[in-house]
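So the chains spell out like this:
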Amino acid sequence: MITVPGYFDRRQLAHEPVQELHNGGWAAYAEKSSRAEIIAASFDRLNPARDFGLEPLLNVHDRGYVEFLHSAYEEWRATGRDGDAIGYTWPVVQRRPLNLDRIDAKLGLYSYDAATPIAEGTWEASYWSAQTALSALSAIIDGEATVSFALCRPPGHHSGRDYCGGYCYLNNAAIAAEHARRSGRRIAILDIDYHHGNGTQDIFYEDPDVLFVSIHADPTTDYPFFWGHADERGAGAGIGTTVNLPLPRGTDMTAYGSALEEALDAVRAHQADLLVLSFGADTFEDDPISYFRLRQDDYRLIGDRMASIGLPVLVVMEGGYAVDDLGHNVEALLCGLDDHRA
Ligand code: Q9C
Ligand code: ZN
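Bear in mind that the values here come from a model prediction, so they are computed numbers and not experimental data.

Peer 1: Got a minute to help me understand the overall build of the protein chain in this structure?
Peer 2: A tally of helices and strands in the protein chain yields 10 helices and 9 strands. Computed over the C-alpha atoms, the radius of gyration of the protein chain is 19 Å, within 12% of the 20 Å expected from 2.2 N^0.38 for a compact globule of 342 residues. Expressed as a percentage of its 342 residues, the buried residues of the protein chain come to 58%. Entry remark: accessible area of the protein chain is about 13900 Å², with carbon and sulfur atoms responsible for 48%.

What follows is the structure, encoded as structure tokens:
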């Protein structure tokens with residue numbers, strides 16, 4: 001039984017892209033709404049999201065990008081096409097501000113991959129996913145809880161200030177972290193999704209106040225390839241407040257546990273007073289798109305280790321695609337986090 005307060009809004013289910021480009025062909029979209037349903041089923045009750053409006057979203061994301069997310073599907077359909085909006089031309093060289101109106105061009109400007117289609121309910125679901133993160137945060141800020149769970153979906157950690165990618169549209173963890181920082185908290189973000197959280201890293205890359213630590217699959221073999229290498233340590237005033245701990249495919253709890261201790265040392269050294277945990281259960285041994293070997297019991301250990309640093313923790317859901325096991329894996333993590341405090 002989960003005793004940690006959870007937050008969720010059913011409007012997050014509205015996002016249901018049909019397919020994604022996978023290994024050179026079309027495959028069923030892995031980030032499906034049943035992921036959220038199965039996690040929700042592990043809770044006796046979930047708290048509804050409150051509406052914090054657009055402002056906290058715009059404190060992280062570019063206004064032009066947010067407007068694009070809001071209208072992209074409609075603009076795509078207005079060209080007479082069927083199906084979901086998806087980019088196919090990306091401005092990799094000689095980028096300049098052209099102010100292109102064509103939806104095909106805007107999809108290229110505001111995304112970095114072909115894994116992130118925009119469907120009819122994408123804006124509505126992403127908006128409420130972000131509000132869910134803010135609502136779960138408020139339970140901690142208002143002193144009602146020391147651990148709180150945001151059942152975010154769509155996930156967020158691949159989304160940057162002005163782009164979507166990796167099934168992510170609005171960066172829920174970054175939005176909550178920025179909101180908490182503005183209320184005077186000192187923030188560490190620990191990202192333990194299988195994939196590197198390139199969007200979150202990018203948002204805080206030059207920021208000395210927000211620590212970003214990530215344990216993930218080595219990007220030389222795994223998505224997102226271009227970010228998450230160990231030598232990425234931040235820039236400008238933010239040098240040292242980005243920490244990347246890539247691990248090889250096949251990693252089990254023994255090696256994972258050592259990386260986790262290193263990550264927690266970095267969190268302690270930052271002297272944060274709030275930990276935002278970007279939690280992906282795609283490190284699970286049976287995950288269909290990932291290659292670590294964590295087992296259900298390991299999530300309990302991870303939660304337990306995390307609780308040992310004694311900080312309030314906002315858990316923000318990211319990936320995890322072994323749908324049948326997802327509810328149990330989330331439950332294991334939250335039980336580990338909570339036990340410690342009893
Ligand atoms: N199937 C998260 O876990 N895969 N995003 C690219 C190959 C993208 C994962 C296409 C994986 C993104 C939040
Ligand atoms: Zn992932």
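Peer 1: How should I be thinking about the coordination of the zinc ion (ligand 2) in this particular structure?
Peer 2: Six octahedral donors around a metal ideally subtend angles of 90 or 180 degrees, whereas four tetrahedral donors ideally subtend 109.5 degrees. Every protein donor of the zinc ion (ligand 2) is accounted for by Asp193 (OD), Asp193 (OD), His195 (ND1) and Asp282 (OD), and the metal-donor separations fall at 1.9 to 2.8 Å. Classification of Asp282 by relative accessible area gives buried; the value is 0%.

Peer 1: Help me understand a negative patch on the surface, please; the structure alone is not making it clear to me.
Peer 2: A cluster of acidic side chains, namely Asp62, Glu67, Asp162 and Asp202, defines a negative patch on the protein surface. Looking at where Asp62 falls in the secondary structure, it is placed in the loop between α2 (55-58) and α3 (63-78). What makes Asp62 partly exposed here is its relative accessible area of 34%.

Peer 1: Explanation requested: the environment of Ile215 in the structure shown.
Peer 2: Tracing the chain through its elements places Ile215 in strand β6 (residues 211-217). Under the relative-accessibility criterion, Ile215 is labelled buried at 0%. With residues near it in sequence (within four places) discarded, Ile215 still touches Asp191, Ile192, Asp193, Leu245, Leu247, Tyr256, Ala259, Leu260 and Ala263.

Peer 1: Teacher, can you tell me more about the sheet that holds strand β5 (residues 187-191) here?
Peer 2: Note: strands within a sheet are paired through backbone hydrogen bonds, in either parallel or antiparallel orientation. Sheet architecture is open: 7 strands sit in the order β1-β4-β9-β8-β5-β6-β7, paired in parallel fashion. Both outer strands of the open sheet, β1 (6-7) and β7 (242-247), are each paired with one neighbouring strand and no more. Across 5 bridges, the pairing between β5 and strand β8 (residues 274-279) is parallel. Bridge pairing in β8 places Asp191 opposite Ser278.

Peer 1: Sorry if this is basic, but what is going on with the packing of helix α9 (residues 296-307) against helix α10 (residues 323-339) here?
Peer 2: The description of two helices packed together rests on the angle between their axes and the distance between the axes. One way to put it is that α9 packs onto α10 with a least axis distance of 7 Å and a crossing angle of 30°. The orientation of α9 relative to α10 falls into the category roughly parallel. Our pair here, α9 against α10, has a crossing hand that is right-handed. Contact residues: α9 offers Gln296, Tyr299, Arg300, Ile302, Gly303, Asp304, Met306 and Ala307, while α10 offers His328, Asn329, Ala332, Leu333, Cys335, Gly336, Leu337 and Asp339. Tallied by class, the residues present in the contact of α9 with α10 amount to 8 nonpolar, 5 polar and 3 charged.

What counts and how
Residues numbered from 1 in each chain as written. Chains lettered and ligands numbered in written order. Predicted model: local features only at pLDDT ≥ 70, side-chain atom pairs only at ≥ 80, totals over all residues. Heavy atoms only, no water. Helix = DSSP H or I, 4+ residues; strand = E, 2+ residues; numbered from the N terminus. Rg over C-alpha atoms; globule rule 2.2 N^0.38 Å. Buried < 20%, exposed > 50% of the residue type's maximum accessible area, 1.4 Å probe, protein only. Areas by Shrake-Rupley, 256 points an atom, 1.4 Å probe, with all protein chains shown as cover. Donors = N, O, S within 2.8 Å, 3.2 Å for Na, K, Ca; no water. Patch = residues over 30% accessible without salt bridge, like charges linked within 9 Å, V, L, I, M, F, W, Y side chains within 5 Å. Salt bridge = Lys/Arg side-chain N within 4 Å of Asp/Glu carboxyl O. Lys, Arg positive; Asp, Glu negative; His and termini not counted. Charge placed at Lys NZ, Arg CZ, Asp CG, Glu CD. Contact = heavy atoms within 4.5 Å. Pairing = 2+ DSSP bridges. Axes fitted to C-alpha atoms, helices over the stretch in contact; angles between N-to-C directions. Parallel < 35°, antiparallel > 145°, perpendicular 65-115°, else oblique. Left-handed = near helix turned anticlockwise from the far one by under 90°. Nonpolar A, V, L, I, M, F, W, Y, C, P; charged D, E, K, R; others polar.

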